[in-house]
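Analysis of the macromolecular model
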Amino acid sequence: MEQLEFFNVPSPCVGVCSVDTKGYCQGCMRKREERFNWLSFTPTQQLHIIKLCRQRYRRKMANGKLGGDVEQTAPLSPQQDLF
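Procedures and definitions
Residues numbered from 1 in each chain as written. Predicted model: local features only at pLDDT ≥ 70, side-chain atom pairs only at ≥ 80, totals over all residues. Heavy atoms only, no water. Core = buried A, V, L, I, M, F, W, Y, C linked by side-chain atoms within 4.5 Å. Buried < 20%, exposed > 50% of the residue type's maximum accessible area, 1.4 Å probe, protein only. Contact = heavy atoms within 4.5 Å. Helix = DSSP H or I, 4+ residues; strand = E, 2+ residues; numbered from the N terminus. Polar contact = N/O pair within 3.5 Å; in protein donor to acceptor, adjacent residues only side chain to side chain. Expected span 1.5 Å × (residues − 1). Arc of directions from axis to C-beta. Phe/Tyr/Trp six-rings, centres within 6.5 Å; stacked < 30°, edge-to-face > 60°. Lys NZ or Arg CZ within 6 Å of the ring centre and 35° of its normal. Salt bridge = Lys/Arg side-chain N within 4 Å of Asp/Glu carboxyl O.

Here we take up the nonpolar core. Core analysis: the biggest nonpolar cluster contains 7 residues, these being Val9, Tyr24, Met29, Trp38, Ile49, Ile50 and Cys53. Sequence-distant contacts of Tyr24, that is, excluding residues within four places in its chain, are made with Ser18, Val19, Met29, Arg30, Lys31 and Arg56.

Have a look at this one:
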């Protein structure tokens, strides 16, 4: 049984739309299918994708693979709170 969501799940997009070598967006860590089909997913699926993105981001941070493409001093988007 799926839990009812009263509010829309915001997209984790941060406006940094370039793909890394593994096919993940460097800004939000979503795969291509997850980005293109975001609006067709149920809120439960969207929350699961955000959880996966959080795991990918943490794994990338742990491995020290934050590329020089993303400015570290740039103001953070409110969406960064998802990570």
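And the narrative resumes.
Below, the discussion takes up the environment of Glu34. Looking at the element boundaries, Glu34 is found in helix α1 (residues 32-36). Taking relative accessible area as the criterion, Glu34 reaches 7% and is therefore assigned buried. Taking the C-alpha atoms as reference, Glu34 lies 9.8 Å from Ile50; in sequence the two are 16 residues apart. The contacts of Glu34, once residues within four sequence positions are left out, are Met29, Phe41, Ile49, Leu52 and Arg56. For Glu34, the side chain forms a polar contact with the main-chain nitrogen of Lys31, separated by 2.8 Å.

Quick look at helix α2 (residues 43-62) now. An ideal rise of 1.5 Å per residue puts 28 Å on 20 residues; α2 measures up with 29 Å between its terminal C-alpha atoms. Within α2 the residues assigned to the buried category are Gln46, Ile49, Ile50, Cys53, Arg56 and Lys60. The buried residues of α2 all sit within an arc of 120° when viewed along its axis, so they share a single face. On its buried face, α2 sits against α1.

Counted by the stated rule, this structure contains 0 aromatic pairs. The ring of Trp38 is capped by Arg30, whose NZ or CZ atom sits 5.1 Å from the centre of that ring. For the cation-ring pair, Arg35 lies above Phe36, with the distance from its terminal atom to the ring centre recorded as 5.7 Å.

All right, on to the pattern of salt bridges then. Per the counting criterion, the structure on display carries 2 salt bridges. With a closest N to O distance of 3.6 Å, Asp20 and Lys60 form a salt bridge. Taken together, the residues Asp20 in the segment before α1 and Lys60 in helix α2 connect sequence positions 40 residues apart. A residue is classified by how much of its surface remains accessible, and Lys60, at 14% relative accessible area, is buried. For Glu34, the salt bridge identified is with Arg56, shortest N-O distance 2.8 Å. Of this pair, Glu34 sits in helix α1 while Arg56 is found in helix α2, placing the two residues 22 residues apart along the sequence. Of the two residues, Glu34 and Arg56, neither departs from the other in class, the shared state being buried.

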